[in-house]
Amino acid sequence: MKKDLKIIFTGPVGAGKTTAINAISDTDTVSTNESSTDELRYRKNTTTVAMDYGIINMVDSKRVHLYGTPGQERFDFMWDILIQGGMGLVLLVDNARPDPLEDTQFFLQRFGDFIQRTRVAIGVTRMDISSTPRLNEYQTLLDEQTRNIPLFEVDARVRQDVSILVQSLLHSLDHQKRE
Amino acid sequence: MQASETTIEAPPVRVAALGVDDRIRNSLRLFFHESCKDRFQLVEEEAADAVIIDLDHKKGIRLAQEQQQLHPSTPVIVISQKPRETGSLISLLKPLKKRSLAKALLRAEAQAKDPHNSSSTLPSLQIASAPVASAEESGDDVVMEGVPPTSAGYQIARHLADKDLQAFLGSTPDIDTSSAQQQANIRYDPDSFLQGKLRQITAMMKQKGQAVRLQFSNEQFIILYPDEEMAQINMSESRLGALSAAPISPDGLSFTFCDDLFSPDDGAAGSFMRLDALMWKTALWASQGRIPYETDLHKSVALDRWPNLTRLLLLPNTLEIAALWAEQPHSLIETAAKLKIPQRYVFGFYSAVFALGLANTGETMKTLDYIPIAADVGEKQPTSASWFSNWIPFFRSKNR
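Keep in mind that this is a model prediction, so the values were computed, not measured.

Caption draft 1: Local environment of the overall build of chain B. Tallying secondary structure elements over chain B gives 13 helices and 14 strands in all. In chain B, which comprises 400 residues, the proportion classed as buried is 40%. Looking at chain B alone, contacts between residues at least 24 apart form 74% of all its contacts between residues at least 6 apart.

So, in structure tokens, the structure goes:
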């Protein structure tokens, strides 16, 4: 029986994927960050160009592998590679970006096939910086989806928030699978 | 308390105190011995099962970070003068209070002994943030007067923890659904409680688009702001709990629309709460593990949308129930049986999502395609039906 579980974290640049993996990983995360280009520098100093990787070790030697995709679309060739073997997707959306609803739609479409085969949970970050759009606007967008997707406000720095997001994904997988 | 005769034979939980002075160290030692009957033992860092760190010490934050990096599975209790963002660490405010400290130690013990243990979830975090008596600044020992004369502090603390959970989920055992009397005992009328008043007033407020002031006796009030979906509350948490848990008399509450503008700087720290969090919590206090009168125990319930659970009071098994109802409608009774949890946990959760208007008993949930889950390319589908379930308790333990 397979021992390990692989979860993919994705979302636009600056949404907190690296931070979230750091928050929940038991080990030092492997991050392939580079200095941001000028257009991104006002948002963050570094950006992930290949992937982030963290592990949650379980007592019985099982492990949960956490992979973060690079946020910049010019690295999106990595995305299809990273999702191979993945059991579910965590989508982080930066509410302080110009059009986070469009970002959400973009990622749901971009990973549509993968989500259809597995499950997704969505965390909206940086709502303390920008309180709009509100969660109910995201919900309206998600109402177009065929599934009831977990959606939470998340502070990617807070382990508990990230943990709840991941748990919701796992429980969704669990109950879907029993059918 | 009948548990006072219980003999605790387990080895003591070894606790290290970092960034604290000798006086506090001695106080802790005394507290462990006198009040906890040596259930906990003060040791050096290297031998510790759990750690207490004073964040106000000049190296406190660094110590906490190092502890998380080097010993991520070791439970950490952090203490500080002011509220701080501490993630999943167990947090206590100074001045330390014996009750809070005992509960924090119990949570740390549960984490240290059983990483899969999920019994101590979020309610106790909130309790831990309410300082009452001063141990450090008054010069008092950590062991103070005013605490129940004691049997083992351990049992007292556990009793208190259970009571905290009871405040939201009650203590009613599972019912026999063929008993009309038992069915009647688990029902309540939300409209008689603050829960129902809030729902009615909030609906009017949203229609009118104007702030509304709910006035209680003793000059206590709540102001609801429609645009921000926030509430300003000028009463203590315990007072709000008491108001929510008892039916409201006709003259116990009045409300008026007002022109107040939302201004977070005007209220005392902690006096603002999200509206959904207020409605969620008042529903749990009113429900105490019961369900609204007209609820059909055998009718399937679906979740229209997920509540914003990272910002709501999270009770045991909340995520499991939410996921189940989001994926497949189940009746309340079926849910408890399927998840093998007390019925009152399901009833309480139902009452809370009902208060937010998220419970759907019409089975109009999204059509599911029920595509069997398989990992992406190259992965085989796990064979065990409980494969994912095996992972979840672990994440639960990461959630503290």
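Caption draft 2: Structural view of the confidence of the model for chain B. Residues and elements named next belong to chain B. For chain B, mean pLDDT is 76; residues scoring 70 or higher make up 74% of the total. Low pLDDT (under 50) marks residues 1-8, which in the prediction has twelve contacts with non-local residues, meaning those over four places away or in another chain. Every residue in residues 116-151 is under pLDDT 50, and counting partners more than four places away or in other chains gives 86 contacts. In the model output, the complex is listed with pTM 0.67 alongside ipTM 0.87.

Caption draft 3: A look at the sheet that holds strand β3 (residues 50-54) of chain B. All names here are of chain B. Taking strand neighbours across the sheet as the criterion, the five strands line up as β2-β1-β3-β4-β5 in an open arrangement whose pairing is parallel. Edge positions in the sheet fall to β2 (40-42) and β5 (90-93), since each of these pairs with one other strand and no more. Geometrically, the sheet is characterised by an average inter-axis angle of 25 degrees between neighbouring strands, direction not taken into account. As paired strands, β3 and strand β4 (residues 76-80) are joined by four bridges and run parallel to one another. Each residue of the ladder has a partner; that of I53, found in β4, is V78. Along the sheet face, helix α2 (residues 60-70) touches β1 (13-18), β3 and β4 and points at about 155 degrees away from the line of β3. Each of β1, β2, β3, β4 and β5 touches helix α3 (residues 98-113); the most contacted strand, β5, lies at about 170 degrees to it.

Caption draft 4: Quick look at the packing of helix α11 (residues 332-339) of chain B against helix α12 (residues 343-355) of chain B. All names here are of chain B. Axis separation between α11 and α12 bottoms out at 9 Å; the angle between their running directions is 130 degrees. Between α11 and α12, the crossing angle belongs to the class labelled oblique. Considering only the axes of α11 and α12, their crossing is right-handed. Residue-level inspection shows L332, T335 and A336 of α11 in contact with α12, the latter providing Q343, V346, F347 and Y350. Its residues assigned to classes, the contact of α11 with α12 shows five nonpolar, two polar and no charged.

Caption draft 5: Examining α3(B) more closely. In this model, α3(B) (16 residues) spans 22 Å end to end at C-alpha, consistent with the 22 Å of a helix rising 1.5 Å per residue. Among the 16 residues in α3(B), 13 count as buried, and that is most of the element.

Caption draft 6: Spatial organisation of unusual backbone geometry. Omega for the bond connecting A:T132 with A:P133 falls within 30 degrees of zero, at -5 degrees, which places this linkage in the cis form. With respect to the element layout, A:P133 can be found in the loop between β6 (120-125) and α6 (135-142). Here the phi dihedral of A:R126 falls at roughly 55 degrees; this positive angle occurs in a residue that is not glycine. Inspection of the secondary structure puts A:R126 in the loop between β6 and α6. When the 22 C-beta atoms within 10 Å are taken as the criterion, A:R126 is described as buried. One non-glycine residue, B:K340, lies in the positive phi region at around 55 degrees. Structurally, B:K340 can be placed in the loop between α11 and α12. Of the residues examined, B:K340 has 8 C-beta atoms within 10 Å and is grouped as exposed.

Caption draft 7: Main features of the nonpolar core. A:V90, A:L92, A:L165, B:A322 and B:Y350 are the most contacted members of the largest nonpolar core, which has 96 residues in total. Ranked by the residues each element gives to this core, the list is headed by α12(B), at nine residues. Excluding its chain neighbours within four sequence positions, the residues that come into contact with B:A322 are B:L303, B:W306 and B:L309. One finds B:A16, B:A17, B:V76 and B:V78 within the second-largest nonpolar core, a separate group that totals 33 residues.

Caption draft 8: Focus on the environment of B:G60. Residue and element names in this part refer to chain B. Checked against the element boundaries, G60 lands in helix α2. Given 19 C-beta atoms within 10 Å, G60 falls into the partly exposed group. C-alpha separation for the pair G60 and S80, spaced 20 residues apart in sequence, amounts to 9.4 Å. Discounting residues that sit within four places of it in the chain, G60 has contacts with G19, I53, D54 and L55.

Caption draft 9: Structural detail: the pairing of β1(B). All names here are of chain B. In terms of burial, β1 is a largely internal element, five of the six residues being buried. Relative to β2, β1 is paired through three bridges, and the arrangement is parallel. The residue of β2 that forms the bridge with V13 is F40. Bridge analysis of β1 against β3 gives four bridges, and the strand direction is parallel. Bridge pairing links L18 to I53 in β3.

Caption draft 10: Seen up close, the sheet that holds strand β9 (residues 230-233) of chain B. Residue and element names in this part refer to chain B. An order of β10-β7-β8-β9-β11 is seen for the five strands of this open sheet, with the pairing classed as antiparallel. If you trace the sheet from one side to the other, it starts and ends with β10 (253-258) and β11 (272-274), each paired once. Neighbouring strand axes in the sheet, compared pairwise and without regard to direction, differ in orientation by 20 degrees on average.

Caption draft 11: Structural view of helix α10 (residues 318-327) of chain B. Among the ten residues that make up α10(B), ten are buried, leaving the element largely enclosed by the rest of the structure. All of the buried residues in α10(B) are B:T318, B:L319, B:E320, B:I321, B:A322, B:A323, B:L324, B:W325, B:A326 and B:E327.

Caption draft 12: Focus on the environment of A:A23. Among the structural elements, A:A23 can be located in helix α1 (residues 17-24). Between the C-alpha atoms of A:A23 and A:S163, which are 140 residues apart in sequence, the distance is 8.9 Å. When neighbours within four sequence positions are excluded, A:A23 is seen to be in contact with A:A156, A:R157, A:V158, A:R159, A:V162 and B:G87.

Parameters and conventions
- Residues numbered from 1 in each chain as written.
- Chains lettered and ligands numbered in written order.
- Predicted model: local features only at pLDDT ≥ 70, side-chain atom pairs only at ≥ 80, totals over all residues.
- Helix = DSSP H or I, 4+ residues; strand = E, 2+ residues; numbered from the N terminus.
- Buried ≥ 20, exposed ≤ 12 C-beta atoms within 10 Å, placed from the backbone.
- Contact = placed C-beta atoms within 7 Å.
- pLDDT = per-residue confidence, 0-100.
- Pairing = 2+ DSSP bridges.
- Axes fitted to C-alpha atoms, helices over the stretch in contact; angles between N-to-C directions.
- Parallel < 35°, antiparallel > 145°, perpendicular 65-115°, else oblique.
- Left-handed = near helix turned anticlockwise from the far one by under 90°.
- Nonpolar A, V, L, I, M, F, W, Y, C, P; charged D, E, K, R; others polar.
- Expected span 1.5 Å × (residues − 1).
- Core = buried A, V, L, I, M, F, W, Y, C linked by C-beta atoms within 7 Å.

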